[in-house]
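Below, each chain spelled out in residue letters.
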Amino acid sequence: DYKGQKLAEQIFQGVIVVSAVIGFIYGYITEQFGWTVYIVMAGFALSCLLTLPPWPMYRRNPLKWLPVQESGTEEKKAADRKPKRHAKT
């Protein structure tokens, strides 16, 4: 559903931003850029774990589909179609 997609996007972006800020601050304090990268990668992995599987919290508002309409006009539609002509070059 669309609300679940919005929630997943917000969680993904939130975790990435928080991990980037924490990683930057920790890397700045320790003067090690590698720690910044590791923390951001851990945040990315956590956000993927939270948002990629179809958790039930993302499926609370399912879409209501229209019922299937039975009609016998499929053969008629196929017969009414004209063959496509290719443009001459």
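Residues numbered from 1 in each chain as written. Predicted model: local features only at pLDDT ≥ 70, side-chain atom pairs only at ≥ 80, totals over all residues. Heavy atoms only, no water.

Per an unreviewed UniProt entry, the recorded name for the protein is Signal peptidase complex subunit 1, and the organism is Mionectes macconnelli. Under the Subcellular location (unreviewed entry) heading, UniProt states for the protein: "Endoplasmic reticulum membrane". Word for word, the UniProt comment on the protein under Sequence similarities (unreviewed entry) is "Belongs to the SPCS1 family." (UniProt positions renumbered as here; feature names shortened; annotations may be inferred.)

**Student:** Help me understand the overall build of the protein in this model?
**Tutor:** Looking only at helices and strands, the protein features three helices and zero strands. When the helices and strands of the protein are placed in sequence order, the string is α-α-α. By residue count, 13% of the 89 residues in the protein fall in the buried class. If you take every contact in the protein between residues at least 6 apart in sequence, the share linking residues at least 24 apart comes to 66%. Carbon together with sulfur atoms contributes 64% to the accessible area of the protein, which is approximately 8,500 Å² in total. (Helix = DSSP H or I, 4+ residues; strand = E, 2+ residues; numbered from the N terminus. Buried < 20%, exposed > 50% of the residue type's maximum accessible area, 1.4 Å probe, protein only. Contact = heavy atoms within 4.5 Å. Areas by Shrake-Rupley, 256 points an atom, 1.4 Å probe, with all protein chains shown as cover.)

**Student:** Is there a simple way to explain the UniProt feature "transmembrane region" (unreviewed entry) in the protein in this structure?
**Tutor:** Under the present numbering, the feature "transmembrane region" (unreviewed entry) in UniProt falls on residues 12–29 and 35–55. Secondary structure over residues 12–29 splits into 100% helix and 0% strand, and the C-alpha atoms at its two ends are 26 Å apart. Measuring from the first to the last C-alpha atom of residues 35–55 gives 30 Å, for a span that is 81% helix and 0% strand.

**Student:** Any chance you could explain helix H1 (residues 2–30) here in plain terms?
**Tutor:** For H1, which comprises 29 residues, the first-to-last C-alpha distance of 42 Å matches the rise-based estimate of 42 Å (1.5 Å per residue) to within 8%. Buried-residue contacts for H1 involve helix H2 (33–51). The backbone nitrogen of Gly4 has a side-chain oxygen 2.5 Å away, supplied by the residue at the start of H1, namely Asp1. A positive backbone phi angle near 55° is found at Glu31, which sits one or two residues after H1. (Expected span 1.5 Å × (residues − 1). Polar contact = N/O pair within 3.5 Å; in protein donor to acceptor, adjacent residues only side chain to side chain.)

**Student:** Where do I start with a nonpolar patch on the surface in this structure?
**Tutor:** Side chains of Val17, Val21, Phe24, Ile25, Tyr28 and Ile29 sit close together on the surface and give an oily, nonpolar patch of about 680 Å² of accessible area. Here Tyr28 shows up in helix H1. (Patch = residues over 30% accessible without salt bridge, like charges linked within 9 Å, V, L, I, M, F, W, Y side chains within 5 Å. Salt bridge = Lys/Arg side-chain N within 4 Å of Asp/Glu carboxyl O.)

**Student:** Mind showing me how you'd approach the packing of H1 against H2 here?
**Tutor:** Interaxial distance between H1 and H2 falls to 8 Å at its minimum, and their mutual angle equals 165°. By the angle between their directions, the pair H1 and H2 is classed as roughly antiparallel. Judged by the sense of rotation from one axis to the other, the crossing of H1 with H2 is right-handed. (Axes fitted to C-alpha atoms, helices over the stretch in contact; angles between N-to-C directions. Parallel < 35°, antiparallel > 145°, perpendicular 65-115°, else oblique. Left-handed = near helix turned anticlockwise from the far one by under 90°.)

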